[in-house]
Amino acid sequence: MNGAFYKHEFNIMLKSRKNLLFLLLLGIGLVIYCFMILPNYQSYNYYDRERAELMVQEKEAMQEGRERRGATGIILFTGMPVYAMDQYEININKAMMAALDDENYYRFFHLHILNFGWNQGSFLLDDPHFDDSPFPQKDRNHIYYKTMIKNESLISSDFKITPALISEQTTVQALTNLFLGYLPFVLLFIVIFFSSDVVVRDRLNKTIIQGIPLSWYRVINIKSLVVFFYSLLIIVALALLAVMFISIQFGFGYLSLQIGTMPLQQTFTLLDYETMSIGSYLLLTLSFLPICAYLFIRLSVLFNLIFKNQWVVLITSSLVLFLETFYFTRTTRELFGIDVSFFPQTYFDFGKVVTGEKNFLINVESITYTKGIVVLLISILVVEVTLFIMAKWINKRRFYK
């Protein structure tokens, strides 16, 4: 009987108009990202050739004027060798453009790293991303150190340097950047959407479900497992499509590529940083997904019993998902006098946990991978106990009444 009920529930999930429409929207969003957004993505390694050419022309004109005046030494007022510095910038940009013309991307990237280090990420000063930051210089240094770590590990590797690899458009690099962005919330919202009506939809077919010779709690558990595997199946299918679409355009990339992590929050210099392979990062990050997905499914089932309305369940579960955004600031280290690392919502944005990005944002060291797993498992236990009690109180007869 259990097997027949599993099959019955899975067929309902597959044929649901609500789910099919949502899948269509997800598919459209995936195509837009892979073929419109990602090809125009500009990483911090982006080289604006037109801007560089204009800069070279302007500086060459300034250099000619300095040469006519004999002003090629050190400026006494500032003590800066401006002529030599500008000449270096002219020469290195010309060399970078020549390397691009020759399609010698290894030489271009090597020169880019030298130029990046020479400028110390000065281009970040013009980045509007930092305009609203309460700690702009700290954030600029953070981006600079992470970029330098990634670039130096790439140039010292045996990988073939390609434009896609430099601009972080390969499949593994794109996935890493997505997980460091909003992808965790998107994936968990998918789970919430599919589970929002998993129990309450049966109120429209009371006679069919009530005749099944299974206990009410077992029915709830089977429904939870079905939506759990269905959600993961959809996520895997979308991931495979994304891998195929991106790899066709830019290549798969290398799982052994290194990214910067920040396990320490002490000196806020390069000493606090380490490296981790993208393969390890994705493995650790993805280990959060089934745990968080199961937590939200059981939470949605609990809300199904309480509210008996799929849209109220969807909104309530979504509020839980985005709960951290209502109180989060760059100085929020405690909630009700308790360290934020002890709250499960801190780990819903799990892509930033593994690299130490969450710690960096609020300047703590307490948000760790291990603690995150433990806190989420304890949260599941609390929800399970609550759901068991609620299933006893709101039994089948009361629920369908």
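On a predicted model such as this, the values are computed, not experimentally measured, just so you know.

Enquirer: Describe the overall build of the chain, and please don't skip the residues or the numbers.
Expert: In terms of helices and strands, the chain carries 18 helices and 4 strands. Projecting the C-alpha coordinates of the chain onto the three principal axes gives extents of approximately 95 × 50 × 35 Å. For the chain, the proportion of its 401 residues judged to be buried stands at 48%. A separation threshold of at least 6 residues defines the contact pool for the chain, and within that pool the share at least 24 residues apart is 76%. Total accessible area computed for the chain in this model is approximately 20,500 Å², and 64% of it derives from carbon and sulfur atoms.

Enquirer: Explain empty space enclosed by the protein to me, and be specific about the residues and the numbers.
Expert: Enumeration over the complete set of coordinates arrives at 2 cavities of 30 Å³ or more. Approximately 150 Å³ is the volume found for the largest cavity. In terms of lining residues, the largest cavity is bounded by 15 residues, among which K150, E168, Q173, Q258 and I259 are the most central. If you list the elements that add at least two residues to the lining of the largest cavity, you get α6 (136-155), α7 (163-166), α8 (171-179) and β1 (258-261). By residue number, the principal contributor to the lining of the largest cavity is α6, which donates 4 residues. Taken together, the residues that form the lining of the largest cavity break down as 6 nonpolar, 7 polar and 2 charged. Of the volumes computed, that of the second largest cavity is approximately 50 Å³. Lining the second largest cavity, in full, are E324, Y327, F328, T332, V340, T346, K358, I362 and I367. Contributing elements (two or more residues each) for the lining of the second largest cavity: α15 (323-327) and α16 (357-362).

Enquirer: I'd like a rundown of the packing of helix α3 (residues 49-69) against helix α4 (residues 82-101), residues and numbers included.
Expert: Viewed as axis vectors pointing N to C, α3 and α4 meet at an angle of 145°, and their least axial separation amounts to 9 Å. The handedness of the crossing between α3 and α4 comes out as left-handed. Touching R49, A52, E53, M55, V56, K59, E60, Q63, R66 and E67 of α3 are V82, Y83, D86, Q87, E89, I90, N93, K94, M97, L100 and D101, all from α4. Within the contact of α3 with α4, the residues separate by chemical class into 8 nonpolar, 3 polar and 10 charged.

Enquirer: Explain the pattern of salt bridges residue by residue, including any values.
Expert: For the coordinates displayed, the defined rule picks out 14 salt bridges. In this structure, the salt-bridge partner of R201 is E9, at a minimum N-O distance of 2.4 Å. Taken as a pair, R201 in the loop between α9 (183-195) and α10 (206-210) and E9 in helix α1 (residues 2-15) lie far apart in primary sequence, 192 residues in all. Relative accessible area serves as the criterion here: at 13%, R201 is assigned to the buried category. Given a relative accessible area of 0%, E9 falls into the buried group.

The rules behind the values
- Residues numbered from 1 in each chain as written.
- Predicted model: local features only at pLDDT ≥ 70, side-chain atom pairs only at ≥ 80, totals over all residues.
- Heavy atoms only, no water.
- Helix = DSSP H or I, 4+ residues; strand = E, 2+ residues; numbered from the N terminus.
- Buried < 20%, exposed > 50% of the residue type's maximum accessible area, 1.4 Å probe, protein only.
- Contact = heavy atoms within 4.5 Å.
- Areas by Shrake-Rupley, 256 points an atom, 1.4 Å probe, with all protein chains shown as cover.
- 1 Å grid on protein atoms, 1.4 Å probe; cavity = no way out; pocket = protein on both sides within 12 Å on 5 of 7 lines; lining within 4 Å.
- Points joined across faces, edges and corners; volume = space filled by probe spheres on them.
- Nonpolar A, V, L, I, M, F, W, Y, C, P; charged D, E, K, R; others polar.
- Axes fitted to C-alpha atoms, helices over the stretch in contact; angles between N-to-C directions.
- Left-handed = near helix turned anticlockwise from the far one by under 90°.
- Salt bridge = Lys/Arg side-chain N within 4 Å of Asp/Glu carboxyl O.

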